[in-house]
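Here are the chains, one letter per residue:
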Amino acid sequence: FPELLFEAETELCSVLCCTLLRHCGSSLVSTRSQATASLYSLMRHNCDSESSFARIKVQVIVALSTIGGGQKGGQQLVNPEFLRRSLKTLVNYSQMDESMAGTTFPDQINDLAVNLNTILIDTVKMNKCQEDHYLLLDLMHSIANGYQSSPDLRLAWLQNMAMKHIEFGNHCEAGMCMTHASALVAEYLYLRESCPFLPRGCVAFQEVSLNVLEESAVSDDIISPSEDAMCTGKLFSESGLVGLLTQAAVLFETVSIV
C-alpha cells in the first residue's frame, strides 16, 4: 500500500521504520533477518514509487536517533552490534539486487548505512556516560548541533535532550529545549508558506532566548525542505507547533509551581 505509507500526511511510515529498526537489532537471527529483508523491501518500494527512497531514508535516520537518544538509565533500546550486522546485510542486498544494477540505489543504501553507523557510535558514547549527567547532556547537545542542516534530525535530538532533562528533574532546561524545537518548526513553516497568524520564523522567539536564533535556516540546500522529504513529519505543521509550544509552557509552569 504505497499510497498509505508514503503520503506526507501519515505517520505510519515513521512507526513502521522505528519498529523494523528495533527488530533489526534483535538477538534472534530469524527476527533480525526478517526485519532486514522487510526494511530493504520498504526502501525498494519507496524508490519504485517516488524514484528515490528519500522519505524512508529520513524516517529511518530519525527513528534510530529517537531510539538511541531515548535510552534511560544505561538501558539500550537496540543492540548496536546486532544492528550493525543488519546494516551490512542491507548493503549486501542492494549490491546483489540485479534490477538495481547501474543505478545510484546501492550507493544510497551504503551512504545510509554509514549515517546509521555514526548514530550508533554516538549511542554507544551516550551509554558510557549515563552516570555523568552533565557529560551526557553536553554530548547530546553536541550531537544536536551537528545536525544544524538537517531539521528533522535536529528536532529529534532536541526532543531527546528535553526528555533527558525531564528524567533528571531539570524542567526549566527541558522547557528551553522545547522552545528551541518550537522555533525550529516555526522557521520551516515560515519558509514553506508565510501565514499572518503564525510566528515569523525563529526570530519571533528571541524574547524568550536569543539562543533560538541557532534555529535559523542558513543553507540554500534546505530552503526547499519538501524536495528531499525533509520537514514532512507531523511536527512540522501548525498543530505540531502548537503541541511543542504547549509542552514548553507546561514545563516552565512546572518550574514556577516548584
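In what follows, the structure referred to is the one given above.
Parameters and conventions
Residues numbered from 1 in each chain as written. Predicted model: local features only at pLDDT ≥ 70, side-chain atom pairs only at ≥ 80, totals over all residues. Heavy atoms only, no water. Helix = DSSP H or I, 4+ residues; strand = E, 2+ residues; numbered from the N terminus. Buried < 20%, exposed > 50% of the residue type's maximum accessible area, 1.4 Å probe, protein only. Contact = heavy atoms within 4.5 Å. Areas by Shrake-Rupley, 256 points an atom, 1.4 Å probe, with all protein chains shown as cover. Patch = residues over 30% accessible without salt bridge, like charges linked within 9 Å, V, L, I, M, F, W, Y side chains within 5 Å. Salt bridge = Lys/Arg side-chain N within 4 Å of Asp/Glu carboxyl O. Phe/Tyr/Trp six-rings, centres within 6.5 Å; stacked < 30°, edge-to-face > 60°. Disulfide = S-S within 2.5 Å. Polar contact = N/O pair within 3.5 Å; in protein donor to acceptor, adjacent residues only side chain to side chain.

*Asks:* What exactly am I supposed to notice about the overall build of the chain here?
*Replies:* Along the backbone of the chain there are 10 helices and zero strands. When the helices and strands of the chain are read in sequence order from the N terminus, they spell out α-α-α-α-α-α-α-α-α-α. Taken across its 258 residues, the chain has 47% of its residues classed as buried. Considering only contacts within the chain whose residues lie at least 6 apart along the sequence, 69% involve residues at least 24 apart. Surface summary for the chain: the accessible area is close to 12,900 Å², and the carbon and sulfur share equals 54%.

*Asks:* Looking at this model, I keep getting lost on a nonpolar patch on the surface. Mind explaining?
*Replies:* Residues Val203, Leu210 and Leu213 make up a contiguous nonpolar surface patch of roughly 260 Å² in combined accessible area. Structurally, the position occupied by Leu213 is in the loop between helix H9 (171-192) and helix H10 (238-257).

*Asks:* Just to check I follow, could you spell out the packing of aromatic side chains for this structure?
*Replies:* The geometry of an aromatic ring pair is captured by the separation of the ring centres together with the interplanar angle, meaning the angle of the planes. Summed over the entire model, instances satisfying the criterion amount to three aromatic pairs. Ring centres of Tyr40 and Phe105 lie 5.9 Å apart, and the angle between their planes is 65°; this geometry places the pair in the edge-to-face category. Of this pair, Tyr40 sits in helix H3 (residues 29-50) while Phe105 sits in helix H6 (residues 105-128), and the two are 65 residues apart along the sequence. In this structure, Tyr40 and Phe105 share a single accessibility class: buried. What links up through ring pairs into an aromatic cluster is the set Tyr40, Tyr93 and Phe105.

*Asks:* Could you clarify how one ought to interpret the state of the cysteines in this entry?
*Replies:* Taken as a whole, this structure holds zero disulfides when the rule is applied. Cys17 supplies the cysteine sulfur nearest to Cys18, a cysteine that is in no disulfide, at a spacing of 8.7 Å. Cys18 sits in the buried class, given a relative accessible area of 18%.

*Asks:* How should I be thinking about the side chain of Asn46 in this particular structure?
*Replies:* With respect to the element layout, Asn46 can be found in helix H3. A distance of 3.1 Å separates a polar side-chain atom of Asn46 from the backbone nitrogen of Ile56.

*Asks:* Would you mind showing me how to read the pattern of salt bridges here?
*Replies:* Between side chains of opposite charge, a pair can form when the charged atoms approach closely. A complete count under the given rule lists six salt bridges for this structure. The residue Asp48 makes a salt bridge to Arg44 at a minimum N-O spacing of 3.5 Å. Of this pair, Asp48 and Arg44 are both found in helix H3, four residues apart, which corresponds to roughly one turn of the helix. Notably, a salt bridge pairs Asp97 with Arg44, separated by 2.6 Å at the nearest N-O pair. You can see Asp97 sitting in the loop between helix H5 (80-96) and H6 and its partner Arg44 sitting in helix H3, a full 53 residues away along the chain. Taken together, the shared-partner salt bridges connect Arg44, Asp48 and Asp97 into one network.

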